[in-house]
Amino acid sequence: MNLFHIPELPVNQEKSDLLIEDHGVVIERIISTGQSSPEGFWYEQERDEWVALLQGEAVISRDKGKMIKMKPGDWILIPAFEKHRVEMTSSEPPCIWLAVHGKLT
């Protein structure tokens, strides 16, 4: 599999590909094409999440009001149970994310 190969995508939906799931660690590739979190919705995950943006541009909000503008090569670590949301993802080019979920901190 090539991380930069973009298959045909479902209309108005992100695509998530599970790459590795073993011993409490999950690695996935996510392709976003202009999606954002629904108004008022916050992710609050049970695992730490390390996410790198490989292609495109995005904006992530953290619970404490910090907005993070991301470009290719940028990464963030979101501790378990920290509220966060996706404010914006580019559609041209699509965002390609690499996400690692597990006990990382």
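Residues numbered from 1 in each chain as written. Predicted model: local features only at pLDDT ≥ 70, side-chain atom pairs only at ≥ 80, totals over all residues. Heavy atoms only, no water.

Undergrad: Break down the nonpolar core for me, with residues and values.
TA: Generally speaking, soluble globular proteins have nonpolar side chains that are buried together. The biggest cluster of nonpolar side chains holds 13 residues, and the ones touching the most others in it are Leu53, Ile60, Met70, Ile76 and Trp97. Going through the elements one at a time, strand E3 (48-55), strand E4 (58-62), strand E5 (67-70), strand E6 (75-78) and strand E8 (95-102) are the ones with two or more residues in this core. Looking at this core, the element that brings in the most residues is E8, giving three residues. Sequence-distant contacts of Ile60, defined by excluding residues within four places in its chain, comprise Lys66, Met67, Ile68, Met70, Ile76, Arg85, Val86 and Trp97. (Core = buried A, V, L, I, M, F, W, Y, C linked by side-chain atoms within 4.5 Å. Buried < 20%, exposed > 50% of the residue type's maximum accessible area, 1.4 Å probe, protein only. Helix = DSSP H or I, 4+ residues; strand = E, 2+ residues; numbered from the N terminus. Contact = heavy atoms within 4.5 Å.)

Undergrad: Let's hear about the sheet that holds E4: which residues, and what values?
TA: Spatially, the three strands line up as an open sheet ordered E5-E4-E7, and their pairing is antiparallel. Two strands lie at the open edges of the sheet, namely E5 and strand E7 (84-89), each paired on one side alone. Ignoring which end each strand starts from, the neighbouring axes of this sheet average 20 degrees apart. Note: E4 against E7, five bridges, orientation antiparallel. Bridge assignment links Ala58 to a residue of E7, and that residue is Thr89. (Pairing = 2+ DSSP bridges. Axes fitted to C-alpha atoms, helices over the stretch in contact; angles between N-to-C directions.)

Undergrad: Can you break down a nonpolar patch on the surface residue by residue, with the values?
TA: Together, Met1, Leu19 and Ile20 give the surface a local cluster of nonpolar side chains, amounting to about 310 Å² of exposed area. Structurally, Met1 can be placed in the segment before strand E1 (15-22). (Patch = residues over 30% accessible without salt bridge, like charges linked within 9 Å, V, L, I, M, F, W, Y side chains within 5 Å. Areas by Shrake-Rupley, 256 points an atom, 1.4 Å probe, with all protein chains shown as cover. Salt bridge = Lys/Arg side-chain N within 4 Å of Asp/Glu carboxyl O.)

Undergrad: Tell me what's going on with the pattern of salt bridges, and back it up with residues and numbers.
TA: This model, assessed by the stated rule, comprises five salt bridges. Between Arg29 and Asp17 there is a salt bridge, with the nearest N and O atoms lying 2.6 Å from each other. Of this pair, Arg29 sits in strand E2 (residues 25-32) while Asp17 sits in strand E1, and the two are twelve residues apart along the sequence. Of the two residues, Arg29 and Asp17, both sit in the buried class.

Undergrad: Can you tell me about the sheet that holds E3, naming the residues and giving the values?
TA: As summarised here, the arrangement of the five strands in space is E1-E2-E8-E3-E6, forming an open sheet in which the pairing is antiparallel. Pairing within the sheet leaves two strands with one partner each, and these edge strands are E1 and E6. Averaged over all pairs of adjacent strands, the angle between strand axes in this sheet comes to 15 degrees, irrespective of strand direction. Across seven bridges, E3 lies against E8 in antiparallel orientation. Across the sheet, the residue bridging to Gln55 is Ile96, located in E8.

Undergrad: I'd like a description of the packing of aromatic side chains, backed by residues and values.
TA: The geometry of an aromatic ring pair is captured by the separation of the ring centres together with the interplanar angle, meaning the angle of the planes. One pass over the full model with this rule turns up two aromatic pairs. Where Phe41 meets Tyr43, the ring centres are 5.0 Å apart and the plane angle is 85 degrees; that geometry is what we call edge-to-face. Ring centres of Trp50 and Trp75 lie 6.0 Å apart, and the angle between their planes is 40 degrees; this geometry places the pair in the tilted category. Remark: Trp75 occurs in strand E6 and Trp50 occurs in strand E3; sequence separation between them is 25 residues. Above the ring of Trp42, the side-chain terminus of Arg85 is found at 5.8 Å from the ring centroid. (Phe/Tyr/Trp six-rings, centres within 6.5 Å; stacked < 30°, edge-to-face > 60°. Lys NZ or Arg CZ within 6 Å of the ring centre and 35° of its normal.)

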